[in-house]
Every structure is written in structure tokens, then in C-alpha cells.
Amino acid sequence: MEHKEQVLDAMKKAGEPLNAGKIAELTGLDRKDVDKAMKQLKEEGAIISPVRCKWTPAE
């Protein structure tokens, strides 16, 4: 599974906005990989930030 997919999957399962540190903790991925995946997801419009510094999947 690609890092982006893992990050998105973790967000969906959590059911609440998460920061990159928590996503790294949940997925077991390196923080740098999570940041990189989140940057790509933001550019694609796949995730949104309802709360400062926390992200959730765009519906």
C-alpha cells in the first residue's frame, strides 16, 4: 500500500481530524513519509483542515 493510501486510510478509520504526528503513530510510517504523503493529498484536494494543524479526508 502506498504511503498516501495508508495516511488516508488512517484518517478515515480515526473518524476525527488528526495531525501528522498522530498519523505517523497510527500507521507506523516515518514522520517524513507522512508529511510527504499529506502534502500530495493536500495538493490533490483529498484532505481538508477543519481545525488548525489537523486534517481529515475531504468528502
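Look up: the structure comes first, before these words.
Residues numbered from 1 in each chain as written. Predicted model: local features only at pLDDT ≥ 70, side-chain atom pairs only at ≥ 80, totals over all residues. Heavy atoms only, no water.

Q: Is there a simple way to think about the overall build of the chain in this case?
A: Counting its regular elements, the chain contains three helices and two strands. Scanning the chain from its N terminus toward the C terminus, one meets helices and strands in the order α-α-α-β-β. Scaling as 2.2 N^0.38, a compact globule of 59 residues should have a C-alpha radius of gyration of about 10 Å, and the chain matches this with 10 Å. In terms of principal-axis extent, the alpha carbons of the chain reach across some 25 × 20 × 20 Å. Burial statistics for the chain: of 59 residues in total, 31% are counted as buried. (Helix = DSSP H or I, 4+ residues; strand = E, 2+ residues; numbered from the N terminus. Rg over C-alpha atoms; globule rule 2.2 N^0.38 Å. Buried < 20%, exposed > 50% of the residue type's maximum accessible area, 1.4 Å probe, protein only.)

Q: I keep staring at the nonpolar core and nothing clicks. Help me out?
A: Generally speaking, soluble globular proteins have nonpolar side chains that are buried together. Core analysis: the biggest nonpolar cluster contains 14 residues, and Val7, Met11, Ile23, Val34, Met38 and Ile47 have the highest contact counts within it. Put simply, the parts of the chain that give this core at least two residues each are helix 1 (3-14), helix 2 (20-27) and helix 3 (31-44). With four residues, helix 3 is the largest single contributor of residues to this core. Among all residues touching methionine 38, those that are not within four sequence positions of it are Val7, Met11, Ala20, Ile23, Ile47 and Trp55. (Core = buried A, V, L, I, M, F, W, Y, C linked by side-chain atoms within 4.5 Å. Contact = heavy atoms within 4.5 Å.)

Q: Looking at this model, I keep getting lost on the packing of helix 2 against helix 3. Mind explaining?
A: Packed helix pairs are specified by the crossing angle of their axes together with the interaxial distance, meaning the distance between the axes. Viewed as axis vectors pointing N to C, helix 2 and helix 3 meet at an angle of 115°, and their least axial separation amounts to 9 Å. In this structure, helix 2 meets helix 3 at a crossing whose hand is right-handed. Side by side, helix 2 and helix 3 meet where Ala20, Gly21, Ile23, Ala24 and Thr27 of the first sit next to Arg31, Val34, Asp35 and Met38 of the second. Class assignment of the residues belonging to the contact of helix 2 with helix 3 gives a composition of five nonpolar, two polar and two charged. (Axes fitted to C-alpha atoms, helices over the stretch in contact; angles between N-to-C directions. Left-handed = near helix turned anticlockwise from the far one by under 90°. Nonpolar A, V, L, I, M, F, W, Y, C, P; charged D, E, K, R; others polar.)

Q: Would you mind going over the pairing of strand 1 (residues 47-51) with me for this structure?
A: Along any regular strand, the residues point their side chains to alternate faces of the sheet. Bridge count between strand 1 and strand 2 (residues 54-57): three bridges; the pairing is antiparallel. Its bridge partner lying in strand 2, isoleucine 48 is registered against threonine 56. Count of turn residues in the strand 1/strand 2 antiparallel hairpin: two residues, of which cysteine 53 carries a positive phi of about 70°. (Pairing = 2+ DSSP bridges.)

Q: I keep staring at the packing of helix 1 against helix 3 and nothing clicks. Help me out?
A: It is the contact of helix 1 with helix 3, at a shortest axis distance of 9 Å, that shows an interaxial angle of 80°. Comparing their axes, helix 3 and helix 1 come out roughly perpendicular. Counted together, His3, Lys4, Val7, Leu8 and Met11 of helix 1 and Asp33, Val34, Ala37, Met38, Gln40, Leu41 and Glu44 of helix 3 form the full contact between these two elements. Across the contact of helix 1 with helix 3, the residue classes break down as seven nonpolar, two polar and three charged. (Parallel < 35°, antiparallel > 145°, perpendicular 65-115°, else oblique.)

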